[in-house]
Amino acid sequence: MQNKIKIIELWSLIITIILSSFIGTSVNIILSKCKTDAWIAILLCFILFIPSFLIFKNIFNYKEDIPINKKIELLFGKKIGAIINTFLILASFINATCYLYSFTNFIKEEYLSNTPLFIITISFIILVIYANLKGIKTIARLSFILLIFNFILLIIPIFNVSSINEFNNLKPILESGLNKPFITSLKIIIININNIFMLTIIPKSKIINNQKINKYILSGIIISLIFMTLIIIITITSLGVNLALIYQYPEYIVLKKVNLFNFFNRAENILIIEWINGSFISLCFIVYFITNIVDNGKNKYIISIISLLILLASLWMFKNITEFNYFIENKLIIIKAITFLIFIIMSILIVLKTKKKIFKNIS
């Protein structure tokens with residue numbers, strides 16, 4: 001029981017990993033591509049995520065006692081498996097670098113403009129290292145506690161902002177057809193929803209009461225999509241698309257408009273707390289993912305080395321936010337699409353092996 005996590009904690013990890021990659025990163029990109037139809041792109045994801053869910057379920061249920069890197073070696077062989085695992089490490093490393101840069105750049109721009117970016121980043125990374133040294137059980141428990149805290153914080157701004165919304169800002173609807181929302185929804189699946197595949201590093205047997213795990217995974221994705229829809233709709237109706245596109249973080253600007261009973265008028269700080277929580281858990285889990293592929297999490301020094309390399313990469317990779325946005329939309333999406341292709345091939349191989357085993361037993 002020491003290394004096992006509760007099913008509700010896995011559920012919280014799913015929501016946190018999806019939403020933290022959406023806030024501060026994807027909102028601006030979705031608005032620029034779809035404008036008033038951005039909310040339709042999110043709604044399409046309620047249907048388009050189903051193949052990802054089925055593939056995830058298929059891989060997660062295969063060989064329940066071993067993590068994803070061992071499953072890859074079993075399915076592809078040790079040589080090809082080593083190449084694929086190396087790619088997954090690099091892809092996850094780049095993803096973590098993007099998480100860290102997006103969050104720390106926001107903190108520097110909005111709050112600590114006179115503080116060197118290195119100081120902000122190293123402070124955050126030290127916490128990530130400490131959490132990983134404590135293990136997955138601590139990360140999962142923190143994820144659940146922080147998610148509940150985030151949900152409570154969200155109630156105030158969502159209900160208050162909704163009272164000042166201008167729903168005419170959502171018009172015109174589908175002025176350029178369904179093509180742009182459809183393509184954008186596919187990008188959302190690849191960039192945000194498919195982050196759930198990182199959870200395959202946790203063997204199913206390490207989850208307590210995992211009989212209903214599929215329902216928890218499904219509900220976690222749906223709840224994430226509901227919040228993503230609310231964020232987009234509130235942003236568009238509160239600011240309008242043209243004004244929202246001026247800002248790098250329009251969801252933050254929206255919360256500045258909240259004034260509850262002339263008392264609660266700093267609601268934008270809620271977003272900071274939620275983003276800190278989400279980015280922290282996501283980075284912790286990515287470091288856990290990488291270190292467990294590298295050496296099954298046995299060497300504690302690897303945790304510090306990987307974390308510090310992510311720190312250095314986040315300071316070196318991007319010169320400015322424009323370069324960062326270009327990378328997310330044009331390069332990271334390719335890396336994540338290749339990753340998704342790997343999981344698709346894995347799922348097909350699992351189906352073929354399962355059928356072959358059934359035919360052998362029959363004969």
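Just so we're clear, the structure is a prediction, and the values are computed from it rather than from any experiment. (Residues numbered from 1 in each chain as written. Predicted model: local features only at pLDDT ≥ 70, side-chain atom pairs only at ≥ 80, totals over all residues. Heavy atoms only, no water.)

Observations concerning helix H14 (residues 300–316)
Part 1 of the argument: In a regular helix each residue adds 1.5 Å, so 17 residues correspond to 24 Å; H14 covers 25 Å between its end C-alpha atoms and thus fits that length.
Part 2 of the argument: Inspection of H14 places Ile 302, Ile 303, Ile 306, Ser 307, Ile 310, Leu 311, Ala 313 and Ser 314 among the buried residues, and these make up the whole buried set. (Helix = DSSP H or I, 4+ residues; strand = E, 2+ residues; numbered from the N terminus. Expected span 1.5 Å × (residues − 1). Buried < 20%, exposed > 50% of the residue type's maximum accessible area, 1.4 Å probe, protein only.)

As for the packing of aromatic side chains
Part 1 of the argument: Scanning the entire structure with this criterion turns up 11 aromatic pairs.
Part 2 of the argument: A centroid spacing of 5.4 Å and a plane angle of 65 degrees characterise the contact between Phe 318 and Phe 327, whose relative ring orientation is edge-to-face. (Phe/Tyr/Trp six-rings, centres within 6.5 Å; stacked < 30°, edge-to-face > 60°.)

Section: the packing of helix H2 (residues 26–34) against helix H10 (residues 213–239)
Part 1 of the argument: Two elements in contact, H2 and H10, have axes separated by 11 Å at closest approach and are oriented at 60 degrees. As summarised for this structure, H2 and H10 are arranged oblique, according to the angle between their axes. With respect to the hand of their crossing, H2 and H10 are arranged in right-handed fashion. Seen from H2, the contacting residues are Val 27, Ile 30 and Leu 31; seen from H10, they are Ile 231, Ile 232, Thr 235 and Ile 236.
Part 2 of the argument: Of the residues contributing to the contact of H2 with H10, the split by class is 6 nonpolar, 1 polar and no charged. (Axes fitted to C-alpha atoms, helices over the stretch in contact; angles between N-to-C directions. Parallel < 35°, antiparallel > 145°, perpendicular 65-115°, else oblique. Left-handed = near helix turned anticlockwise from the far one by under 90°. Contact = heavy atoms within 4.5 Å. Nonpolar A, V, L, I, M, F, W, Y, C, P; charged D, E, K, R; others polar.)

Section: a nonpolar patch on the surface
Part 1 of the argument: Taken together, the side chains of Ile 173, Leu 174, Leu 178, Phe 182, Ile 183 and Leu 186 present a nonpolar region at the surface, about 490 Å² in accessible area.
Part 2 of the argument: Position of Phe 182 relative to the elements: it lies in helix H9 (residues 179–191). (Patch = residues over 30% accessible without salt bridge, like charges linked within 9 Å, V, L, I, M, F, W, Y side chains within 5 Å. Areas by Shrake-Rupley, 256 points an atom, 1.4 Å probe, with all protein chains shown as cover. Salt bridge = Lys/Arg side-chain N within 4 Å of Asp/Glu carboxyl O.)

A short note on the confidence of the model for the protein
Part 1 of the argument: Taken over all residues, the pLDDT of the protein has a mean of 82, while the share at 70 or more is 86%.
Part 2 of the argument: At the low end of the mean pLDDT range in the protein sits helix H12 (residues 250–255), at 69; at the high end sits helix H4 (residues 50–61), at 92.
Part 3 of the argument: Under a pLDDT of 50 for its full length, residues 259–265 has, in the predicted model, 9 contacts with residues more than four places off or in other chains. (pLDDT = per-residue confidence, 0-100.)

A closer look at unusual backbone geometry
Part 1 of the argument: Of note in the backbone geometry, Lys 35 takes a positive phi value of approximately 55 degrees without being a glycine.
Part 2 of the argument: Mapped onto the elements of the fold, Lys 35 is located in the loop between H2 and helix H3 (38–48).
Part 3 of the argument: The phi angle at Lys 63 is positive, at roughly 50 degrees, despite the residue not being glycine.
Part 4 of the argument: Residue position: Lys 63 is located in the loop between H4 and helix H5 (68–76).

Observations concerning H9
Part 1 of the argument: Over its 13 residues, H9 runs 18 Å from end to end, which matches the ideal 18 Å to within 8%, given 1.5 Å per residue.
Part 2 of the argument: Residues of H9 that are buried include every one of Pro 181, Thr 184, Ser 185, Ile 188, Ile 189, Ile 190 and Ile 191, and no others.

Some details on the side chain of Asn 95
Part 1 of the argument: Among the structural elements, Asn 95 can be located in helix H6 (residues 78–110).
Part 2 of the argument: Using a relative accessible area of 7% as the deciding quantity, one classes Asn 95 as buried.
Part 3 of the argument: At 3.4 Å, the side chain of Asn 95 and the side chain of Lys 336 are in polar contact.
Part 4 of the argument: Sequence-distant contacts of Asn 95, defined by excluding residues within four places in its chain, comprise Asn 195, Ile 286, Leu 332 and Lys 336. (Polar contact = N/O pair within 3.5 Å; in protein donor to acceptor, adjacent residues only side chain to side chain.)

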